[in-house]
Amino acid sequence: MTLSGEEIRGRLAEFAAKWAGYSGSERSEAQTFLNELLACYGTDRMEAGALFEERGGPGFIDMIWPGVCIVEMKRPSEAERLADHREQAFGYWKDMSRETGAAGRFVVVCAFTQFEVFEPGAFWDRPVAAFSLGELPDRYEALDFLRGREPLFTEDKAELTREAVALVTELYNRIRDRQAAGAETLRDFILQCVWSMFAEDLAMIPEHRFTRIMERLLAEPERSSGDDLGGLFEWLNRPGERAAHGLYAGIPFADGGLFAAPAEVHLERDELELLRDACSFDWKLVEPSIFGNLLEGALGRERVWAFGAHYTAEADIRKVVEPTIVEPWRERIEACASLAELEERQREFGEYKILDPACGSGNFLYVAYRDLRRLEVRLRARERELRAEAGLAPESHTPAYPLSNVFGLEVEPFAVKLARVTLWMAHKLAVEELSLDEPVLPLGDLSGIRRADALKVEWPPANAIIGNPPYIGTKLMRSRLGDDYVDWLDREFRVGVKDYAVYWFRKAHDNLPSGGRAGLVATNSIREGRNREASLEYIAQNAGVITEAISSEPWSGEANVHVSIVNWVKRPATLPSSFVLDGSYVDGITTTLRPGLASTVGRTLSANLGRQFFGVVPGGDGFLLSPEEANDLLGRSEAAYEEVIRPYLVGSDVTNNPTQAPSRYIIDFHFNALEDAMRYPAALARVRSLVKPHRDRAKRKAYRERWWRLEEPIVAMRNALDGLSRYIACPAQAKRFYMVWCQPEWVPSNLTSVFALDDDYSMGVLTSAIHTRWATAQSTTLETRPRYTTASFATFPWPLPSDDQCSAIGELSRSILARRSEICLDRGIGLTKLYNEVDEGAYRDLRDLHTALDEAVAAAYGWPKSAAHDPTESNRRLLDLNEAITAGRIDYSPF
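None of the values given here were measured: they were computed from a predicted structure. Residue numbering note: each chain is counted from 1, following its sequence as written. Reporting of local features is limited, given that this is a predicted model, to residues whose pLDDT is at least 70; pairs of side-chain atoms are given and counted only at 80 or more, and all residues count toward the totals for whole chains, interfaces and linings. Heavy atoms throughout the structure, all of them, feed into the side-chain values; hydrogens and water do not.

A. Quick peek at the overall build of the protein. The helix and strand tally for the protein stands at 34 helices and 25 strands. Each principal axis of the C-alpha distribution contributes one length, and for the protein these read about 95 × 70 × 55 Å. When accessible area is computed with a 1.4 Å probe and restricted to protein chains, residues below 20% of their type maximum are described as buried, those above 50% as exposed, and intermediate ones as partly exposed. A buried classification covers 55% of the 895 residues belonging to the protein. Two residues form a contact once any of their heavy atoms are found within 4.5 Å. Across the protein, the fraction of contacts at a sequence separation of at least 24, relative to all contacts at a separation of at least 6, is 70%. Accessible surface area values rest on a Shrake-Rupley calculation with a 1.4 Å probe, where residue burial reflects the displayed protein chains alone. Working note: accessible area of the protein is about 37100 Å², and carbon and sulfur atoms make up 48% of it. Positive: Lys, Arg. Negative: Asp, Glu. His and the chain ends are not part of the count. Note that the charge is assigned to NZ on lysines, CZ on arginines, CG on aspartates and CD on glutamates. Taking the average place of the 105 positive charges on the side chains of the protein and the average place of its 135 negative ones, the gap between the two points comes to 3 Å. Here a strand is any run of E in DSSP of at least two residues, a helix any run of H or I of at least four, and the numbering for each starts at the N terminus.

B. Expanded view of unusual backbone geometry. Between L441 and the following residue, P442, the backbone shows a cis peptide bond with an omega angle of -5°. Phi is positive for A543, close to 65°, though the residue is something other than glycine. The topology assignment puts A543 in the loop between helix 19 (536-541) and strand 12 (544-554). By relative accessible area, A543 is classed as partly exposed at 29%. Positive phi is not limited to glycine here, since Q660 has a value of about 55°. With respect to the helices and strands, Q660 occurs in the loop between helix 21 (651-656) and strand 19 (664-667). Taking relative accessible area as the criterion, Q660 reaches 8% and is therefore assigned buried.

C. How the structure looks around the environment of Y140. Relative to the assigned elements, Y140 resides in the loop between strand 6 (129-132) and helix 5 (154-177). As a C-alpha pair, Y140 and F52 span 88 residues in sequence and 22 Å in three-dimensional space.

D. Representation of the sheet that holds strand 10 (residues 464-467) in the model. Taken in spatial order, the nine strands of this open sheet run 9-8-7-10-11-13-12-14-15, and their pairing is mixed. Strand pairing shows two members of the sheet lacking a second neighbour, strand 9 (449-451) and strand 15 (584-586), which therefore form its edges. When strand polarity is set aside, the average angle formed by the axes of neighbouring strands in this sheet is 20°. Pairing between strand 12 and strand 14 (residues 579-581): two bridges, direction parallel. By the bridge assignment, E548 is partnered in strand 14 with V580. Where helices are involved, their axes are fitted lines through C-alpha atoms of the stretch in contact, as for all axes, and angles between N-to-C directions lie from 0 to 180°. Across the sheet, helix 11 (residues 314-334) lies against strand 7 (354-356), strand 10, strand 11 (517-523), strand 12 and strand 13 (562-570), angled at about 170° from strand 11, the strand it touches most. The sheet strands contacting helix 14 (residues 413-434) are strand 8 (406-410) and strand 9, and the helix crosses strand 9 at an angle near 170°. Any two strands with at least two DSSP bridges between them are considered paired.

E. Layout of the packing of aromatic side chains. Two rings from Phe, Tyr or Trp (for Trp, the six-membered ring) form a pair when their centres are within 6.5 Å of each other. A pair whose planes differ by under 30 degrees is stacked, one over 60 is edge-to-face, and the rest are tilted. Within this structure, the stated rule accounts for 37 aromatic pairs. Between the aromatic rings of W19 and F112, the centroid separation amounts to 5.9 Å while the plane-to-plane angle is 35°, which identifies the pairing as tilted. Residue W19 is found in helix 1 (residues 5-19), and its partner F112 is found in the loop between strand 4 (106-110) and strand 5 (114-118); the two are separated by 93 residues along the sequence. Judged by relative accessible area, W19 falls into the buried class, the value being 5%.

F. Fine view of the nonpolar core. Residues F189, W195, F210, L229, L275, W283 and I354 are the most contacted members of the largest nonpolar core, which totals 103 residues. Ranked by the residues each element gives to this core, the list is headed by helix 14, at 13 residues. To qualify as a nonpolar core, a set must consist of buried Ala, Val, Leu, Ile, Met, Phe, Trp, Tyr and Cys residues joined through side-chain atoms within 4.5 Å. By size, the runner-up hydrophobic cluster in this structure holds 85 residues, among which are L624, M717, F793 and Y835.

G. Highlighting the sheet that holds strand 23 (residues 752-755). Reading across from one edge, 16-23-20-21 is the order of the four strands in this open sheet, with antiparallel pairing throughout. Looking at which strands have only one partner, the edges of the open sheet turn out to be strand 16 (612-614) and strand 21 (740-742). On average, each strand axis in the sheet is inclined to that of its neighbour by 35°, with strand direction left out of account. Where strand 20 (residues 727-731) and strand 23 come together, four bridges link them in antiparallel fashion. Bridging across to strand 23, P731 finds its partner in T752.

H. Quick peek at the pattern of salt bridges. What makes a salt bridge here is a side-chain nitrogen of Lys or Arg within 4 Å of a carboxyl oxygen of Asp or Glu, nothing more. A full pass over the atoms with the stated rule returns 61 salt bridges. Residue E170 is joined to R174 by a salt bridge in which the shortest nitrogen-to-oxygen separation is 2.8 Å. Separated by four residues within a single helix, E170 and R174 lie in helix 5, roughly one turn from each other. For the salt bridge of R636 with E638, the shortest nitrogen-to-oxygen distance reads 2.7 Å. The class for R636 is partly exposed, based on a relative accessible area of 41%. With relative accessibility at 40%, the residue E638 sits in the partly exposed group.

I. Layout of helix 6 (residues 183-201). For helix 6, spanning 19 residues, the distance from its first C-alpha to its last is 28 Å, which sits close to the expected 27 Å at 1.5 Å a residue. Here helix 6 lies mainly inside the structure; 15 of its 19 residues are buried. Looking one or two places after helix 6, you find A203, whose phi comes out positive at around 65°. In this analysis, the expected span of each helix is defined as 1.5 Å times one less than the number of residues it contains.

J. Structural detail: the side chain of E200. By the element assignment, E200 lies in helix 6. Buried and unpaired, E200 has no salt bridge, with R276 as the nearest side chain of opposite charge at 7.2 Å. At a separation of 3.0 Å, a polar atom in the side chain of E200 contacts the main-chain amide nitrogen of F210. Discounting chain neighbours no more than four positions away, the residues touching E200 are I205, H208, R209, F210 and T211. Pairing of N or O atoms within 3.5 Å defines a polar contact, subject to two protein rules: one partner must be a possible hydrogen donor and the other a possible acceptor, and residues neighboring in sequence count only if both atoms are side-chain atoms.

K. Highlighting the environment of D437. For D437, the position within the fold is in the loop between helix 14 and strand 9. For the pair D437 and A400, spaced 37 residues apart in sequence, the C-alpha separation works out to 9.7 Å.

L. Representation of the pairing of strand 4. A large share of strand 4 lies buried, amounting to five of its five residues. Burial along strand 4 is two-sided: the residues F106, V108 and C110 and V107 and V109 are all buried. Here strand 4 pairs with strand 5 via four bridges, running antiparallel. Each residue of the ladder has a partner; that of V109, found in strand 5, is E116. Between strand 4 and the antiparallel strand that follows it, strand 5, lie three residues; F112 among them carries a positive phi value of about 65°.

M. Broad picture of the environment of F623. Secondary-structure assignment places F623 in the loop between strand 16 and strand 17 (624-625). Residue F623 is classed as buried on the basis of its relative accessible area of 0%. Sequence separation of F623 and A83 is 540 residues, and the distance between their C-alpha atoms is 70 Å. Contacts of F623, omitting those with residues within four sequence positions, involve P618, Y665, I666, I667, V687, V691, R695, W707, W708, R709 and L710.

N. The state of the cysteines, seen in detail. Defined by distance alone, a disulfide is two cysteine sulfur atoms within 2.5 Å. A full pass over the atoms with the stated rule returns zero disulfides. Its sulfur unpaired, C40 is 12 Å from the next cysteine sulfur, which belongs to C110. Under the relative-accessibility criterion, C40 is labelled buried at 6%.

O. Expanded view of the side chain of R646. In this structure, R646 sits in strand 18 (residues 645-649). Here E745 takes part through its backbone oxygen, which lies 2.9 Å from a polar atom of the side chain of R646.

P. Local environment of the pairing of strand 13. In terms of burial, strand 13 is largely enclosed, as nine of its nine residues are buried. Neither face of strand 13 is exposed, since H562, S564, V566, W568 and K570 on one face and V563, I565, N567 and V569 on the opposite face are all buried. Pairing between strand 11 and strand 13: seven bridges, direction antiparallel. Paired with V521 across the strands is I565, a residue of strand 13.

Have a look at this one:
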């Protein structure tokens, strides 16, 4: 059973309330307690294979779930003395690990009202989580391994990590501000210090030698960190014979390129104190993935934001790493039924390669690498099990998963270095956690993490591609990346200008082998409109199958966006047996990231093109006028200002203005040359004063040179509207798509969708629920609000009505617009307020008119009335009609 976090939290709240008053012994109710606890996470103990009262050394383990955890229960009266019982639980863990390798990663010591969670392979001296029964519902993720997921112990580590980053960042800012050395040297210095503090806390540098150097520098002011720390970094870079005596005795050879340029930086006393304070942290508890991202942002924020690369929380990283890497490997390991099969898995595991083509500071690769090392341990345990079944000695031939199989591409050189440090830390932490018998020095080969613009280079072969491609929307592409780069993307990928992430999805799929998997995070526009067509549709049309996805959720970083998380497999040998969408099992996942086996996406109908547009983009507030400012200009006598001062319609005018008319004006010189604009001197003077200074700094040459014109005047729209007595518009993003009539002199904004149609029949079809439900299904979203897109109209198959049907639809549309206008003017309310009240039961006559319109439009399609009231049915019929039209089975001429 798959439960959401909220469902688990609710179950645990009831569980905590039930057991809060228990004061008996552990023996009488421990099994009931544990069975109910597992059930809160949707886990059946018997099905999971968790066992009660199994022998462990000299005693009996209260519960062991092989490969997952051990639970030691104590009576509630022992809640304050759980520390006294840790050794017993650890003894069970050691015995089971040594004898069978099945003890699992976690140990839980519990006295009914108090929990301590340990990860003995990583930390013996402290619990990774400790909480009371009452706190359990809010700390449920600390026991997420009870439902087969990676637990989150991030609170303490995250806070400690942020404090460490704050100190390191403050040090960097000080030495940068006084220009203690060149920028690259200063960044190298910070990374070399970070690794050294981590290394001494995990005994790679002996006797806390880095901290001792810091203490000597503070005690002897005549000394310089440039000499003493520089000397340490030089020894870490020097192969061969080691120093036998003195300050650098026993300092190892690190290699890896980290100390290739030993940074010699002199620190002033206040800077030495900052670094000494940083040394006081227990660096083995610092979370490298968080540290790397935070440090990347702190030391290069402007560049990070320019390239749209931002921090992703580990909880979201796991929504990529687990379905793309961990779960498929776990299934393959457990499915091994013979040593021959296992040997094949071992070979594949040793050759298995992962790639993050936008790796930043390496957080995705860090999480994936740690999990692959855990899978390696399970692969060894499975080998011992199969050898025992065959009566063979418990040998192991499973290869150690190599760092050289980890690949990353990143355009920022500092992030490349930081990613390597993060992964070297990951290697040491994995060795500590899993008691692996392998050296961590010299540092492993991470030449596969390299500087490159991933879209411009060939990607290294990989079995799994993961990551968080840069977030840059279509409208910001040119300002962020420049015209030349965007034009290159257009030529290279031949899909037009789309959101930046679209190109990464395409290239990722192209670079996957058969059976290869990918998991990427992007803004939720990836599932919508033209972005979807060029990415997820492309994947589906080229043997890709989406296996698990999050359709939309708030992003864990700083930007106020919603993201989609998409995991897919290319050309699978067999179709997956299950699919997971938004945490629930479904029969399949469409490219819109909705449940279903078939596509719900319509194809563009050529006959619809040239009828729908988005309005103008002013490109400067100086073009916009209040009614008072407009009247001042219109009242001047030196020019016919009404030719260039025009009403300006925005989406809120449609939704909130009782008249659905523009509330502001715009200076619109059309496509006039500057000398023609000079005929309207007061209007031009305003634009020259308020707009031109900003346009002079624009990246696009056309914006700089034609500063008096609107940034995007939309030539095609103006040509299509020319000669019409009126046209239709609706808000481009709103809870509902309201259609309104517009006067030909009105200038629509880019936040309105414009239709070059002027007849009542067309207004009726567009107003009908049959159309608006289709438009919503084909739309994009801004957070949770639908956005009317080009695809909403271009894919919509219009009915082919008789003359009588056309007249009936037109008459109903006139009646609806007249009635709603009457109510809005009488009440002084907008359409949003009006239709909220209709939803609540008001204005039954207006609701009846809409019902009649929907049924009239359904009749024009030849459908029964019931289809007018069933969104699923009407959209299915429209999709079938769209397919018939694109296949040429229907002669489609709707206009």
